[in-house]
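Notes for the structure review
What follows is the residue order along each chain.
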Amino acid sequence: MGAAVQPIYLFDLAFQRAEWLSVRQTTVAENVANANTPNFRARDVEPFEATLDKTALKMASTNPGHISLASAPVRAEVSGPRSFDITSHGNDVSLEKELIKAGEVSRDYSLNVSIVKSFHRMWMASVKG
Amino acid sequence: MIDPLTASLRVAAAGLEAQSTRMRVVSENLANAQSTGNTPGADPYQRKTITFSSELDRASETSLVKVDRIGRDKAPFKVEYDPDHPAADDSGFVKLPNVNMLIEMADMREANRSYEADLQIVRHSRQMISMTIDLLRNS
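Residues numbered from 1 in each chain as written. Chains lettered and ligands numbered in written order. Predicted model: local features only at pLDDT ≥ 70, side-chain atom pairs only at ≥ 80, totals over all residues. Heavy atoms only, no water.

A look at the overall build of chain A
Check the secondary structure of chain A and you find three helices and two strands. Listing every helix and strand of chain A by position from the N terminus yields α-β-α-β-α. Within the span of chain A, comprising 129 residues, buried residues form 37% of the whole. The contacts of chain A with a sequence gap of at least 6 include a subset with a gap of at least 24, amounting to 77%. Entry remark: accessible area of chain A is about 8,000 Å², with carbon and sulfur atoms responsible for 61%. (Helix = DSSP H or I, 4+ residues; strand = E, 2+ residues; numbered from the N terminus. Buried < 20%, exposed > 50% of the residue type's maximum accessible area, 1.4 Å probe, protein only. Contact = heavy atoms within 4.5 Å. Areas by Shrake-Rupley, 256 points an atom, 1.4 Å probe, with all protein chains shown as cover.)

Have a look at this one:
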């Protein structure tokens, strides 16, 4: 039934995290590019924890014909009333806030990559002996 | 579905393009700050304005930015008394462009700042891509 090889837990988690971080980076890029667009509202993705809770209850594919839902991207959500400073032309993007977010994403991505690297090293050590 | 990191590069590139068009409009306004007409009573250069709008890119499902319209500022012209000027009307007044240096400078600084922010996003995305490639190299 289905794929015989299960993803290794930590790699799978790291992959999801990397995917989430790159979607967030895209959202930040959108906000920065539209920083001077009238009536544009800043957006953000929902927190990683929330998406993780959702993917834990993923539907199982019991038939090879089932369409996999695993590759569905994390949707970009409207950030709601959290933003401050709405200018007269209805734009609430704060460049400083977006750049801080971009820095955060970069840092987290670097951490994620390092974890994958070191886990891979440990893994290879146990395989090669 | 395009890779999100590539999509963010694309979005940032659209932002860079929009901001450089804005810079072009500012420089046109500044360059023509003294451009009067050359027939009696003719209108001088009219200040240009630029507006942006967000546009959904179907391929990457992201909202890019594009130049919506380059319009003309309807503000009244400045008038100066100079009877010898070729554009002077019957009573000797010359119409000068409605370009305000202060506004153009502020606009230029804002365009500059947004351009820098877009560049920073490009830098971050590239860094993330090369980190991922490095995973392959070192193991």
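Description of the packing of aromatic side chains
Residue and element names in this part refer to chain A. Inspection of the entire model under this criterion finds four aromatic pairs over all chains. Taking the centre distance of 5.0 Å and the plane angle of 75° together, the rings of phenylalanine 11 and phenylalanine 119 count as edge-to-face. Of this pair, phenylalanine 11 sits in helix α1 (residues 9-33) while phenylalanine 119 sits in helix α3 (residues 95-128), and the two are 108 residues apart along the sequence. Overall, phenylalanine 11 belongs to the partly exposed group, its relative accessible area being 22%. Residue classification places phenylalanine 119 among the buried residues on the basis of a relative accessible area of 19%. Their ring planes at 80° and their centres at 6.1 Å tell us that phenylalanine 11 and tryptophan 123 sit as a pair that is edge-to-face. Of this pair, phenylalanine 11 sits in helix α1 while tryptophan 123 sits in helix α3, placing them 112 residues apart in sequence. Relative accessible area serves as the criterion here: at 36%, tryptophan 123 is assigned to the partly exposed category. Here a set of aromatic residues connected by ring pairs shows up, and it is made of Phe11, Phe119 and Trp123. (Phe/Tyr/Trp six-rings, centres within 6.5 Å; stacked < 30°, edge-to-face > 60°.)

Points about unusual backbone geometry
For Asn39(A), which is not a glycine, the phi torsion comes out positive at approximately 60°. Turning to its location among the elements, Asn39(A) is positioned in the loop between α1 and β1 (43-45). Phi is positive for Glu61(B), close to 55°, though the residue is something other than glycine. As for its position among the elements, Glu61(B) is in the loop between β1 (48-57) and β2 (62-72). On the accessibility criterion, Glu61(B) (55% relative accessible area) is exposed.

Focus: α3(A)
Residue and element names in this part refer to chain A. An ideal rise of 1.5 Å per residue puts 50 Å on 34 residues; α3 measures up with 49 Å between its terminal C-alpha atoms. Every buried residue belonging to α3 is among Leu95, Glu98, Lys101, Ala102, Gly103, Val105, Ser106, Tyr109, Asn112, Val113, Val116 and Phe119, and all of these are buried. A positive phi of about 80° marks glycine 129, the residue just after α3. (Expected span 1.5 Å × (residues − 1).)

Some remarks on the interface of chain B and chain A
Tallying the contact residues gives 34 residues for chain B and 30 residues for chain A. Summing both partners gives a buried area of about 2,500 Å² for chain B against chain A, and 67% of it is carried by carbon and sulfur. The largest per-residue losses of area from chain B upon contact with chain A belong to Ile121(B), Met128(B) and Leu135(B), which jointly make up 21% of the total buried on that side. For the interface between chain B and chain A, the tally reads one salt bridge. Residues Glu96(A) and Arg113(B) are paired through a salt bridge, measuring 3.0 Å at the closest nitrogen-oxygen approach. Along the contact surface separating chain B from chain A lie 11 residue pairs in polar contact (both at pLDDT 80 or more). Within the residue set of the side of chain B that touches chain A, elements represented by two or more residues are α1 (4-31), β1, β2 and α2 (101-138) of chain B. (Buried area = accessible area lost by both parts, 1.4 Å probe. Salt bridge = Lys/Arg side-chain N within 4 Å of Asp/Glu carboxyl O. Polar contact = N/O pair within 3.5 Å; in protein donor to acceptor, adjacent residues only side chain to side chain.)

Points about the packing of α1(A) against α3(A)
Residues and elements named next belong to chain A. It is at 9 Å that the axes of α1 and α3 come closest, and there the two elements cross at 160°. Judged on the interaxial angle alone, α3 and α1 are roughly antiparallel. At the point where α1 passes α3, the crossing takes the left-handed sense. The residues of α3 that touch α1, namely those facing Leu10, Phe11, Ala14, Arg17, Ala18, Leu21, Arg24, Gln25, Val28, Asn31 and Val32, are Leu95, Glu98, Lys101, Ala102, Glu104, Val105, Asp108, Tyr109, Asn112, Val116, Phe119 and His120. Broken down by class, the residue content of the contact of α1 with α3 amounts to 13 nonpolar, four polar and six charged. (Axes fitted to C-alpha atoms, helices over the stretch in contact; angles between N-to-C directions. Parallel < 35°, antiparallel > 145°, perpendicular 65-115°, else oblique. Left-handed = near helix turned anticlockwise from the far one by under 90°. Nonpolar A, V, L, I, M, F, W, Y, C, P; charged D, E, K, R; others polar.)

Remarks on the environment of Gln25(A)
Residue position: Gln25(A) is located in helix α1. Classification of Gln25(A) as buried rests on a relative accessible area of 0%. Residues Gln25(A) and Lys101(A), spaced 76 residues apart in sequence, show a C-alpha to C-alpha distance of 8.3 Å. Among all residues touching Gln25(A), those that are not within four sequence positions of it are Ala102(A), Val105(A), Leu5(B), Ser8(B), Ile121(B), His124(B), Ser125(B) and Met128(B).

Purely geometric stuff here, so don't read any function into it on its own.
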